[in-house]
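Residues per chain, in single letters:
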Amino acid sequence: MRLVSVTSKRLGGRSRGFTLLELLVVLVILALLAGLVGPQVMKHVGESKTKTARLQIEEFSTALDVYRLETGRYPTSEEGLKALVDKPPTAENWAGPYLRKRVVPKDPWDRDYHYRSPGQNGAYDLYTLGADNAEGGEGESVDVVSWQ
């Protein structure tokens, strides 16, 4: 007795494969997993953007402090963060650029950071309004500021 003939008799001459029902069950299981895992992944993506904004503001703060040490002042609101990479006409002793990449990065939501000098909360205010681009908010929409 050969194994091949036994297998052929069991299969009734039909080829092996998945039934439509088996495929639907697998798809339902995958959809359930995606429904459970997807929101958790998106939550971490939002958190990482907020952390990135905090790190960028810290980098700007360090560059602004070096700028002040060399020029005797922080850039004005009109000069903005651009003064960290391009010498303003009125800045004496400017020895920049003060940012490594020689470009002022946008926030993680692809918008410009807000810079005000003199600031309402210190020598300067540097902040981003988060994902919703509105003051206040929680989670991914929280404002990330330099004065806290």
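Owing to the predicted nature of the structure, the values given are computational and were not obtained by experimental measurement.

Draft legend 1. Here's a closer look at the overall build of the chain. A tally of regular secondary structure across the chain gives two helices and three strands. What you see in the chain, going N to C, is helices and strands ordered as α-α-β-β-β. Within the span of the chain, comprising 148 residues, buried residues form 26% of the whole. A fraction of 40% describes how many contacts in the chain between residues 6 or more apart in sequence connect residues 24 or more apart. A total accessible area of about 10600 Å² is found for the chain, and carbon and sulfur atoms account for 57% of it.

Draft legend 2. Structural detail: the nonpolar core. In terms of nonpolar packing, the biggest core is built from 21 residues, with Leu 64, Leu 81, Leu 84 and Leu 126 touching the most fellow members. Ignoring any residue separated from it by four or fewer positions in sequence, one finds Leu 81 in contact with Phe 60, Leu 64, Val 104, Tyr 113, Tyr 115 and Leu 126.

Draft legend 3. Representation of a nonpolar patch on the surface within the structure. Together, Leu 20, Leu 21, Leu 24, Val 25, Val 26, Leu 27, Ile 29, Leu 30 and Leu 33 make up a nonpolar patch on the protein surface, roughly 880 Å² of accessible area in all. Here Leu 24 lies in helix α2 (residues 20-71).

Draft legend 4. Expanded view of the environment of Asn 93. Mapped onto the elements of the fold, Asn 93 is located in the loop between α2 and β1 (114-116). Its relative accessible area of 60% is what places Asn 93 among the exposed residues. A C-alpha to C-alpha distance of 9.2 Å links Asn 93 and Tyr 67, two positions 26 residues apart in sequence. Residues in contact with Asn 93, not counting those within four places in the same chain, are Glu 70, Thr 71 and Tyr 98.

Draft legend 5. View of the packing of aromatic side chains. The tally for this structure, following the rule as stated, stands at six aromatic pairs. Of the aromatic side chains, those joined through ring pairs into one cluster are Tyr 67, Trp 94 and Tyr 98.

The rules behind each value
Residues numbered from 1 in each chain as written. Predicted model: local features only at pLDDT ≥ 70, side-chain atom pairs only at ≥ 80, totals over all residues. Heavy atoms only, no water. Helix = DSSP H or I, 4+ residues; strand = E, 2+ residues; numbered from the N terminus. Buried < 20%, exposed > 50% of the residue type's maximum accessible area, 1.4 Å probe, protein only. Contact = heavy atoms within 4.5 Å. Areas by Shrake-Rupley, 256 points an atom, 1.4 Å probe, with all protein chains shown as cover. Core = buried A, V, L, I, M, F, W, Y, C linked by side-chain atoms within 4.5 Å. Patch = residues over 30% accessible without salt bridge, like charges linked within 9 Å, V, L, I, M, F, W, Y side chains within 5 Å. Salt bridge = Lys/Arg side-chain N within 4 Å of Asp/Glu carboxyl O. Phe/Tyr/Trp six-rings, centres within 6.5 Å; stacked < 30°, edge-to-face > 60°.

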